[in-house]
Amino acid sequence: MSTSETPVPSTSPAGFLAIELDGAGWDGGHFASLGEAVLAAESAGFHAATFTDAPVQGRANALQRAAYAGPATRTIALVPEVDTVYTEPFHVSTQLASLDYVSGGRAGWIATAAESPEGAAAVGRSSVSGEALAQEAEASIEVSRRLWDSWEDDAVIRDVATGRYIDVDKLHYAEFETPADFAGPAYSVKGPSIIPRPLQGQLPVLAAASLVGEGQIPADAVDAVLVTAPTPELLAAEVRDVRARVGASVAVIAELDVVLHSRGQAAAERSGGLDGGRAQYAGTAEGLMDLLESLLEEADGVRLHPASLALELDELSRLVLPELRRRGALRPPVQDGTFRDLLGLTRPASRYGAAAAAAGAGK
Amino acid sequence: MTQHNRAKSGVFTPTGKIQFGIFFQGVNSGTIWKAAESGSQTDFESFRRLAQTAERGLFAAFFLGEGLRLREHLGRPHALDVVGRPDAQTMLAALASVTKKIGLVATQNTTYNDPADLAHRLASLDLISGGRAAWNIVTTDNAWTGANFRRGGYLDHADRYKHAEAFVETAKRIWDSWETPSGPARQVLHEGQHYTVDVTPRLPRSAQYRPVLFQAGDSPGGRDFAARQADVIFSAHPKFDDAVEFRKDLVERSLAAGRGANAVQIMPASEFILAATAAEALEKKEWVRSLQIGPQQAVAYLEQFWGRELSEYDPDGPLPEIDPVVEETSETRGSGFHGAKARQLADQWRAEAKDKGLSIRQFVSSRTARVDATFTGSYTAVADQLAEYTRVGAVDGFNISPWLVPTGLDDIVNHLVPELQERGVYPTEYAGSTLRENLGLETPVRS
Ligand SMILES: Cc1cc2nc3c(=O)[nH]c(=O)nc-3n(C[C@H](O)[C@H](O)[C@H](O)COP(=O)(O)O)c2cc1C
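Reference entry: report on the structure contained in this document.

Here is what the cut-offs are and how they apply
- Residues numbered from 1 in each chain as written.
- Chains lettered and ligands numbered in written order.
- Predicted model: local features only at pLDDT ≥ 70, side-chain atom pairs only at ≥ 80, totals over all residues.
- Heavy atoms only, no water.
- Helix = DSSP H or I, 4+ residues; strand = E, 2+ residues; numbered from the N terminus.
- Rg over C-alpha atoms; globule rule 2.2 N^0.38 Å.
- Buried < 20%, exposed > 50% of the residue type's maximum accessible area, 1.4 Å probe, protein only.
- Contact = heavy atoms within 4.5 Å.
- Areas by Shrake-Rupley, 256 points an atom, 1.4 Å probe, with all protein chains shown as cover.
- Lys, Arg positive; Asp, Glu negative; His and termini not counted.
- Charge placed at Lys NZ, Arg CZ, Asp CG, Glu CD.
- Phe/Tyr/Trp six-rings, centres within 6.5 Å; stacked < 30°, edge-to-face > 60°.
- Lys NZ or Arg CZ within 6 Å of the ring centre and 35° of its normal.
- Near = heavy atom within 4 Å.
- Polar contact = N/O pair within 3.5 Å; in protein donor to acceptor, adjacent residues only side chain to side chain.
- Nonpolar A, V, L, I, M, F, W, Y, C, P; charged D, E, K, R; others polar.
- Patch = residues over 30% accessible without salt bridge, like charges linked within 9 Å, V, L, I, M, F, W, Y side chains within 5 Å.
- Salt bridge = Lys/Arg side-chain N within 4 Å of Asp/Glu carboxyl O.
- Buried area = accessible area lost by both parts, 1.4 Å probe.
- Pairing = 2+ DSSP bridges.
- Axes fitted to C-alpha atoms, helices over the stretch in contact; angles between N-to-C directions.
- Expected span 1.5 Å × (residues − 1).

Quick word on the overall build of chain A
And then number 1: Tallying secondary structure elements over chain A gives 11 helices and 13 strands in all.
And then number 2: Taken over the C-alpha trace, chain A has a radius of gyration of 21 Å; the compact-globule value for 363 residues is 21 Å, and the two agree within 12%.
And then number 3: In terms of its C-alpha atoms, chain A occupies a principal-axis envelope of roughly 70 × 45 × 40 Å.
And then number 4: For chain A, buried positions account for 60% of its 363 residues.
And then number 5: Put simply, 74% of the contacts in chain A that link residues at least 6 apart link residues at least 24 apart.
And then number 6: Carbon together with sulfur atoms contributes 52% to the accessible area of chain A, which is approximately 13000 Å² in total.

If you want it as C-alpha cells, here you go:
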C-alpha cells in the first residue's frame, strides 16, 4: 500500500520498540491478566505489542487477545499474527477491521503463512508449502485490503430527508479472484465488507522479510517487514540488505531475543529457552541500550522477544526504555495515535473512491 | 428440586424466574438511526455502553448477530436500514475486558466456518472471558452468502441441519478432549461429506467447562437440532399463548431426544417500549414505529417481494395492484426471506391490507415491527405481564433487541428490572461468574 504515500519511516531519526507478549518466553502467570501484561508494556513505553498465533498448547487466539487488550489501553499498537493459508480471507478481514474499531485505530496485522501440516489437517486441506505459501498470503492480504476499501470513509450518511442510512454509491464489490497460476484451490470473494472501513482506512500489514520480495509477496503489498538474523552483529547488516530489497516505503523492523541480568541472576543462566533462529542479546541493560540505539539507526523499529515477560519487562521499563528516550532514540508515544501514525504512514483514500472520483472528473 | 434433578426430570417445572439478554442486531429496520439520540452502530463505545448497562441490570447475556453478506435491494446494497456490523467474537473479546459477569454470545453459522477453527476461537473467547462465552448456532446455507467464501455455495438447504449437527458434535469433541484440566488433549477426527477434521485441541476447559450453546432457528429440523444439542433456544415465540405452545413442543422434542424436560431453556426475541404510564408508552410506540419504518422503507420492503421498483406508489396509499415480477423471493434481504412464492404472497397481502384498511406504510410496519414480539406498556403493567410468564414457565427469559443504540436499555434497567425484582421473578445478583452458572445450567457430561 505504498503507492500514494511518502516514505517517512526510513528518514525519521527516532525509532519504535515492539514487544512480543507471548513468544517462547510467555509467563503470563506473573500478571493477573492479559490486560495487565499489555498495560505494563504500554506504561513501560513500548509502541506496539504483538501476539503470536503459533499452535502452542494453552494459547488462546491471538486476534482475540489483542481485542481484549484494546479497551484497556490508549497508546500501544496491538498487532496479532493471523494466518493467511488455512483461514477464510473474508473472516480475517472482518476480524481485523473489528480489532481496529475496538482499539481506536491501533490495530495491525502480522500476516503469516503457516507451513503447518497440523493446520491443514485441522481444516481438511492438503498441506501448502514453498512458493504456494506466499501466493496464499498475497491473495489473503489483497482480499482484506479490497474489503477494507469497499466502504468509502463517508459511506454511512444517515440522511434523514431521503431515508438513506448509507450512500450505496460509496459501497463497492471487491470482486477478488485468485490468479490463473494460483497454486492452491482457486477461490473468489465478492464483497463488500460487512463492516464499514476500518478507522485507519487500511491496517498496517506486516510480514516476515523472508516472505516478501521477488516471486513472493510483493513488497508493496505490505507496510513493514520483520527482519531476522542469526546474531546481533549480523542484524544491522541484514536490515540494510532487506531495506535495499523492499524499497524505502516499507518499514523495517529488526527481531531480537532478549535476556537480561535480572534480580541477581545472570542472563546466561536463563538464556536457554529461546529459539527460532533469531539474534539473541544476553547481558546487562547498559549493553542492550547501546545495541538498540545502534540498531534503531538502521531499522525503523525493533521487536523484542523477552525470555521471560515479567523479568525482562521489569528491567526494560526501569532501565532501558527511559535511557533510550533520553538519548533521543525513541519516538515519543502518542496517546490515541494510530498504528499508521507510528509507522509514519498517511491515511490512504479508498481505492474505489479514488477510482470513482477519477471517473467522475473524466466525464 | 435441585438443579441436577430438575434438568434430568421428565416433567417440566418452571423456575419462577426470568433472565434478560440483549440482542444487538446490527441490521434490519428495528434499530432506529433517525432519532437525535441514536448513536454509532460501529463505535466500540456503543457496544461498551450497552454491555455495561446490561450488566448493571444483571442481564445474563449480550448477543451479537451475524450476517456474512450485505443485504441487497434490487441488485445493490440496501440503503435504508442500519447496516455494517463488526465481527461478533472480536467485539465480545474486547467487551470481556470491560465487563465481569455478563455472558458473551456470538452468533456464528455452521456453513461458512471450519469446525476446528470456530471451536478453537470460541474456546479462546471462553478462556479470555473467564467462562462467559456462548455460541448462537445458525445455519446460513445459500450460495449468495457463499460468494464471500472459499467453499462457495456448496450446501443444499435440505442438508444444512445434518451438516450443522456434525459440525457441533465435532466442536463438542474438541472442547471435551482434555483428560484433565491441564491436559493432555485427545486427538479429534471427523470425516464427513463436506469436512475432514484432524486436530489435537490446544485449549483447556474453561471455568464453565465449554461454551454455552444457543440455537436460533424455527423449522421442525431446527427445533429437533436444538432439542438434541443446545442449552438454550433463541426462539421467535414471545407472545404468551404461542410461548406456552412452543414450550410444550420443545419439551416433547427434548424428551424424544433423550434429554430431560428442562434441559433446554427458551429465550424469545423481544422488543420493549415502556414508559411511566400506558398512555405515554403508546405514544412512544407511535414514535418508534414512525422512525423504524419511514415511507422509503415501506415501499422498499414491498419492492423486495415485487422484484421491481414501486416508487410511483404512495406509501400512504393502498398496496400495488400490479403483480410481482419474481416467482421466488431471493436470499438477498437476509435469512428471514426464504423462498416464499411472491405472487401468492402479494395476493394474500393485498387482501389482508384491504381487509384491515391499511396503507403500504401501516401494512409494512405491521409486518416488520415484530408486533408479536413487542411488550408495550407501563413499567408496572409489563412487569405484571412478565411475572405471568414465570408462573407457568412459558419462557426462561427474553432476548431484548433495543430499538435505540446505545441508550436503548436504560429504561429497562432503571425501571423494569427493579419492578421485576420486587415481584421476585428476576435475579437480584449474579448467581456466579460463568454464564452457565448464571443461567442455572448444569455442567455438561463429557461426551
Ligand atoms: C431469533 C432469531 C435470531 C436469528 N439471528 C440470526 C443471525 O443473527 N444471523 C443469521 O444468519 N441467522 C439468524 N437467524 C436465522 C436462523 O439461524 C435460521 O437460519 C433461520 O431461522 C432458518 O432456520 P429454520 O429453518 O430452522 O427456521 C435467527 C433466527 C431467529 C429465530
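There's plenty left to go through after this.
A word on the overall build of chain B
And then number 1: Across its full length, chain B carries 15 helices and 14 strands.
And then number 2: Against the globule reference of 22 Å for 447 residues, chain B gives a C-alpha radius of gyration of 22 Å, in line with a compact fold.
And then number 3: Each principal axis of the C-alpha distribution contributes one length, and for chain B these read about 65 × 55 × 40 Å.
And then number 4: Long-range pairs, those at least 24 residues apart, make up 77% of the contacts in chain B with a sequence separation of at least 6.
And then number 5: Across chain B, the 49 positively charged side chains and the 56 negatively charged ones have centroids separated by 4 Å.

Comments concerning the packing of aromatic side chains
And then number 1: Summed over the entire model, instances satisfying the criterion amount to 32 aromatic pairs over all chains.
And then number 2: Relative to F214 of chain B, the ring of F63 of chain B has its centre 4.9 Å away and its plane inclined at 85°; by these criteria the two rings are edge-to-face. With a gap of 151 residues between them, F63 of chain B in strand β2 (residues 61-64) and F214 of chain B in strand β9 (residues 212-216) connect regions that are remote in the sequence. Accessibility classification places F63 of chain B together with F214 of chain B in one group, the buried group.
And then number 3: Ring plane angle 65° and centroid distance 5.8 Å describe the contact between F375 of chain B and Y389 of chain B, whose orientation is recorded as edge-to-face. Of this pair, F375 of chain B sits in strand β13 (residues 374-378) while Y389 of chain B is found in helix α13 (residues 379-392), placing the two residues 14 residues apart along the sequence.
And then number 4: For F375 of chain B, a relative accessible area of 3% gives the class buried.
And then number 5: Feature note: the residues F90 of chain A together with Y112, W135, F149, Y154, F167, W175 and Y195 of chain B constitute an aromatic cluster, connected by ring pairs.
And then number 6: In this structure, R150 of chain B is placed above the aromatic ring of Y187 of chain A, and the distance from its NZ or CZ to the ring centre is 4.6 Å.
And then number 7: A cation over a ring is seen here: R151 of chain B above Y154 of chain B, with NZ or CZ 5.9 Å from the ring centre.

Focus: the site of the ligand
Residues and elements named next belong to chain B.
And then number 1: Near the ligand lie 18 residues; those nearest to it are E66, R160, Y161, D218 and S219.
And then number 2: Residue A216 places a main-chain N or O atom 3.0 Å away from an oxygen atom belonging to the ligand.
And then number 3: One of the backbone nitrogen or oxygen atoms of D218 is found 2.6 Å away from an oxygen atom of the ligand.
And then number 4: Here the shell around the ligand is built from residues that sort into 6 nonpolar, 9 polar and 3 charged.

Describing a negative patch on the surface
And then number 1: A contiguous patch of negative charge, built from D241, D242, E245, E252 and D372 of chain B, is present on the exposed surface.
And then number 2: Inspection of the secondary structure assignment puts E252 of chain B in helix α8 (residues 240-256).

Describing the interface of chain A and chain B
One frequent convention defines the size of an interface as the accessible area lost when the parts assemble.
And then number 1: With 58 residues of chain A in contact, the opposing surface of chain B contributes 59 residues.
And then number 2: Here chain A meets chain B over a buried area of about 4900 Å², counting both sides, of which 58% is carbon and sulfur.
And then number 3: The largest share of the area that chain A buries against chain B comes from Q64, Y165 and I194 of chain A, three residues that together contribute 14% of it.
And then number 4: Inspection of the region where chain A meets chain B yields 2 salt bridges.
And then number 5: R76 of chain B is the salt-bridge partner of D169 of chain A, the closest N and O atoms lying 2.8 Å from each other.
And then number 6: Our enumeration of links across chain A and chain B arrives at 30 residue pairs in polar contact (both at pLDDT 80 or more).
And then number 7: Secondary-structure elements contributing two or more residues to the side of chain A that touches chain B are α2 (62-69), α3 (89-102), α4 (117-122), β5 (156-159), β6 (164-166) and β8 (188-189) of chain A.
And then number 8: Considering every element that reaches the side of chain A that touches chain B, the biggest residue donor is α3 of chain A, with 9 residues.
And then number 9: Residue composition of the side of chain A that touches chain B, by class: 31 nonpolar, 16 polar and 11 charged.

Details of the sheet that holds β13 of chain B
Residue and element names in this part refer to chain B.
And then number 1: Spatial strand order, β11-β10-β9-β6-β5-β2-β1-β14-β12-β13: 10 strands in an open sheet with parallel pairing. Strand pairing shows two members of the sheet lacking a second neighbour, β11 (265-266) and β13, which therefore form its edges.
And then number 2: In terms of strand pairing, strand β1 (residues 19-24) meets strand β14 (residues 397-400) through 4 bridges, oriented parallel. Residue pairing across strands places I22 opposite I400, the latter belonging to β14.
And then number 3: Its contacts with the sheet place helix α7 (residues 220-229) against β6 (133-138), β9 and β10 (232-234), and it is angled at close to 170° to β9.

Description of the pattern of salt bridges
And then number 1: One pass over the structure, following the stated rule, counts 50 salt bridges over all chains.
And then number 2: The shortest N-O distance in the salt bridge between D410 of chain B and R49 of chain B comes to 2.7 Å. You can see D410 of chain B sitting in helix α14 (residues 410-422) and its partner R49 of chain B sitting in helix α2 (residues 44-56), a full 361 residues away along the chain.
And then number 3: Assessed through its relative accessible area of 18%, D410 of chain B is described here as buried.
And then number 4: For E419 of chain B, the salt bridge is made with R423 of chain B, and the minimal N-O distance between the two is 2.8 Å.
And then number 5: Note on E419 of chain B: relative accessible area 18%, which makes it buried.
And then number 6: Overlapping salt bridges bring together E142, R146, D149, D153, R197, R347 and R351 of chain A as one network.

A look at unusual backbone geometry
And then number 1: A cis amide bond links G191 of chain A to the next residue, P192 of chain A, at an omega of -10°.
And then number 2: With respect to the helices, strands and loops of the structure, P192 of chain A is situated in the loop between β8 and β9 (205-208).
And then number 3: Of the consecutive residues V405 of chain B and P406 of chain B, the connecting peptide bond is found in the cis state with omega at 5°.
And then number 4: As for its placement among the helices and strands, P406 of chain B is situated in the loop between β14 and α14.
And then number 5: Positive phi values are uncommon outside glycine, yet D336 of chain A reaches one of about 60°.
And then number 6: Inspection of the secondary structure assignment puts D336 of chain A in the loop between α9 (309-326) and α10 (339-343).
And then number 7: Judged by relative accessible area, D336 of chain A falls into the partly exposed class, the value being 47%.
And then number 8: Positive phi, normally seen in glycine, also occurs at N28 of chain B, with a value near 80°.
And then number 9: On the secondary structure map, N28 of chain B appears in the loop between β1 and α2.

Some points on the environment of G283 of chain A
Residues and elements named next belong to chain A.
And then number 1: Positionally, G283 belongs in strand β12 (residues 279-283).
And then number 2: A residue is classified by how much of its surface remains accessible, and G283, at 8% relative accessible area, is buried.
And then number 3: Separated by 15 residues in sequence, G283 and A268 have C-alpha atoms that sit 7.2 Å apart.
And then number 4: With residues near it in sequence (within four places) discarded, G283 still touches V259, L260, H261 and A267.

Concerning the side chain of E419 of chain B
Residue and element names in this part refer to chain B.
And then number 1: Its place among the elements puts E419 in helix α14.
And then number 2: Side-chain polar atoms of E419 contact the side chain of R423, separated by 2.8 Å.
And then number 3: For E419, the residues in contact, after removing those within four places along its chain, are Y379, T380 and A383.

Considering helix α4 (residues 115-128) of chain B
Residue and element names in this part refer to chain B.
And then number 1: Here α4 spans 20 Å end to end across 14 residues, near enough to the 20 Å set by a 1.5 Å rise per residue.
And then number 2: Counting buried positions over the 14 residues of α4 gives 12, a clear majority of the element.
And then number 3: Looking at α4, one finds that the buried residues are P115, A116, L118, A119, H120, R121, L122, A123, S124, L125, D126 and I128.
And then number 4: Backbone geometry just after α4 places G130 at a positive phi near 70°.

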